[in-house]
Amino acid sequence: MTEQRKPLAAADRLGIVTRFFRTMRLVWRLLNDARVPFLSKLIIPTTLLYVISPIDLIPDMIVGLGQLDDIAVFTMGVAMFIEMCPRDVVEEHRRAIATSGGLGDPPFADNVIDGESRQVPHDT
């Protein structure tokens, strides 16, 4: 008896680094999208300000724990920003990133012309 395996979703196969870069690409695209409300866009600079600020909940002098609160705040800030963006806009950008492999829009994506070709034999 063979056991059927459920196919993995594309996101399940991605490594943590790839997921991080795709999320950062999504954040960048959402920040540059005029359909995202201005107040939502303020979450990212506020989060970054906390991360680079010398004032922390846990002092950075405590190695490990000091950086842990920065990572937690950054992660929560990014998640909150994506949640505050319009769902249809987020999904549109996620599809575009998935289609382009996460590295940007395909070059000349709008300049493609479909056509057919055939080889004509040369008469000598």
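The rules behind each value
All residue numbers refer to positions counted from 1 along the written sequence of the respective chain. Since the coordinates come from a predicted model, pLDDT governs what is reported: local features require at least 70, and pairs of side-chain atoms require 80 or more to be given and counted, while whole-chain, interface and lining totals use all residues. To get the side-chain values, all heavy atoms of the structure are used, and hydrogens and water are removed first. What counts as a salt bridge is simple: a side-chain nitrogen of Lys or Arg found within 4 Å of a carboxyl oxygen of Asp or Glu. Secondary structure elements are defined from DSSP: runs of H or I of at least 4 residues count as helices, runs of E of at least 2 residues count as strands, and each element is numbered from the N terminus. Accessibility here uses a 1.4 Å probe with only protein chains present; expressed as a share of the type maximum, an area under 20% marks a residue as buried, one over 50% as exposed, and anything in between as partly exposed. Multiplying one less than the number of residues by 1.5 Å gives the expected span of a helix. Contacts are assigned to residue pairs that have any heavy atoms within 4.5 Å of one another. Only the stretch in contact is used when fitting a helix axis, every axis being a line fitted to C-alpha atoms; angles between N-to-C directions are given from 0 to 180 degrees. Angle categories are assigned with fixed cut-offs, so that under 35 degrees is roughly parallel, over 145 is roughly antiparallel, 65 to 115 is roughly perpendicular, and the rest are oblique. Put simply, a crossing is left-handed when the front helix is turned counterclockwise from the back one by less than a right angle, and right-handed when it is turned clockwise. Residue polarity follows a fixed list, in which Ala, Val, Leu, Ile, Met, Phe, Trp, Tyr, Cys and Pro are nonpolar, Asp, Glu, Lys and Arg are charged, and the others, Gly among them, are polar. Think of it as the arc spanned by the lines of direction from the helix axis to the C-beta atoms.

Q: Is there a simple way to think about the pattern of salt bridges in this case?
A: Note on pairing: side chains with opposite charge can pair once their charged atoms come close. Applying the stated rule across the entire model yields four salt bridges. A salt bridge links R35 to E92; the shortest N-O distance between them is 3.0 Å. Linking R35 in the loop between helix 2 (16-31) and helix 3 (38-41) with E92 in helix 6 (residues 87-99), this pair joins segments that are 57 residues apart in sequence. Taking relative accessible area as the criterion, R35 reaches 43% and is therefore assigned partly exposed. E92 gets classed as partly exposed once you look at its relative accessible area, which sits at 34%. A salt bridge links E83 to R87; its shortest N-O distance comes to 3.6 Å. Residues joined by salt bridges that share partners form a network here, namely D33, R35 and E92.

Q: Explain the side chain of T47 here, please?
A: Among the structural elements, T47 can be located in helix 4 (residues 43-52). On the accessibility criterion, T47 (9% relative accessible area) is buried.

Q: Mind showing me how you'd approach helix 6 here?
A: Every α-helical turn comprises 3.6 residues, leaving residues that sit three or four positions apart pointing alike. An ideal rise of 1.5 Å per residue puts 18 Å on 13 residues; helix 6 measures up with 18 Å between its terminal C-alpha atoms. In this fold, the buried residues of helix 6 make contact with helix 2 and helix 5 (65-84).

Q: Quick question: what am I supposed to make of the packing of helix 2 against helix 6 here?
A: A packed helix pair is summarised by two numbers, namely the angle formed by the two axes and the spacing between the axes. Contact geometry of helix 2 with helix 6 gives a least axis separation of 10 Å together with a crossing angle of 130°. On the basis of their axis angle, the class for helix 2 and helix 6 is oblique. In terms of crossing hand, the pair formed by helix 2 and helix 6 is right-handed. Side by side, helix 2 and helix 6 meet where R22, R25, L26, R29 and L30 of the first sit next to V89, V90, H93, R94, A96, I97 and A98 of the second. Broken down by class, the residue content of the contact of helix 2 with helix 6 amounts to seven nonpolar, one polar and four charged.

Q: In this structure, what is going on with helix 2? I would like to understand it.
A: Taking 1.5 Å of rise per residue, 16 residues should cover 22 Å, and helix 2 covers 22 Å from first to last C-alpha, within 8% of that figure. Of the residues making up helix 2, those classed as buried are L26, V27, R29 and L30. Relative to the axis of helix 2, the buried residues are bounded by an arc of 165° and lie together on one face. Set apart from the buried face of helix 2 by more than 90 degrees, the exposed residues are V17, F21 and W28. Contacts made by the buried residues of helix 2 are with helix 3, helix 4, helix 5 and helix 6.

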